[in-house]
Every structure is written in C-alpha cells, then in structure tokens.
Amino acid sequence: MMNLNQAIRHGRAVGVRFYVKTASGAIFGGTKTRDQAEAMKRRFEAEDRENPWTKGTTKFVIEEVQ
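In what follows, the accompanying structure is described. On a predicted model such as this, the values are computed, not experimentally measured, just so you know. (Residues numbered from 1 in each chain as written. Predicted model: local features only at pLDDT ≥ 70, side-chain atom pairs only at ≥ 80, totals over all residues. Heavy atoms only, no water.)

## Some thoughts on the packing of aromatic side chains
According to the stated counting rule, one finds three aromatic pairs in the structure shown. For the pair F28 and F44, a centre-to-centre distance of 5.4 Å together with 65° between the ring planes defines the contact as edge-to-face. Taken together, the residues F28 in strand β2 (residues 27-31) and F44 in helix α2 (residues 34-50) connect sequence positions 16 residues apart. A relative accessible area of 43% places F28 in the partly exposed class. For F44, a relative accessible area of 9% translates into the label buried. Centre to centre, the rings of F28 and F60 are 5.1 Å apart; their planes meet at 80°, and the pair counts as edge-to-face. One end of the pair, F28, is in strand β2; the other, F60, is in strand β3 (residues 60-64), and 32 residues separate them in sequence. Take F60: its relative accessible area is 2%, and that puts it in the buried class. These aromatic residues form a ring-pair network of at least three members: F28, F44 and F60. (Phe/Tyr/Trp six-rings, centres within 6.5 Å; stacked < 30°, edge-to-face > 60°. Helix = DSSP H or I, 4+ residues; strand = E, 2+ residues; numbered from the N terminus. Buried < 20%, exposed > 50% of the residue type's maximum accessible area, 1.4 Å probe, protein only.)

Now the structure itself:
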C-alpha cells in the first residue's frame, strides 16, 4: 500500500490525469480519461452501497490533475 504522496508520484509517472477520491481526500483510483474516471466512480458508488459499514454514504469525487 502506498501513502498519498507515493500514489501521486506514481500517477504522474504513468500519466494519470483524473483521480477518483473520497470527499476527505483518500485516493481510490486514477485514470487517463474522464470517461474512465466516471465509470470508476459509478463502480465505487455501487460497491459502497453494498458495504455494510458505510451503507453507501461515502461521497466520491473526480479531481483533474493540473
């Protein structure tokens, strides 16, 4: 598992332009296209609804790298 700084450095190295994060800033994934990021966000939201601990309350956001 990487910490936040390591994940961002790795993302830059492989060309990540969009991150899917929680509202609190935890990175769940990164992609090169907006379409992939939106699909990833939908998948994470669906999985979160099935999570007995969070029950779908986690807020996911897409953040573009500048």
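Let us keep going from here.
## Details of the nonpolar core
Core analysis: the largest hydrophobic core is formed by six residues, namely F18, V20, A37, M40, F44 and F60. Broken down by secondary-structure element, the contributors of at least two residues to this core are β1 (18-22) and α2. No other element matches α2, which puts three residues into this core. Aside from chain neighbours lying at most four places away, what touches M40 is V20, G29, G30 and T31. (Core = buried A, V, L, I, M, F, W, Y, C linked by side-chain atoms within 4.5 Å. Contact = heavy atoms within 4.5 Å.)

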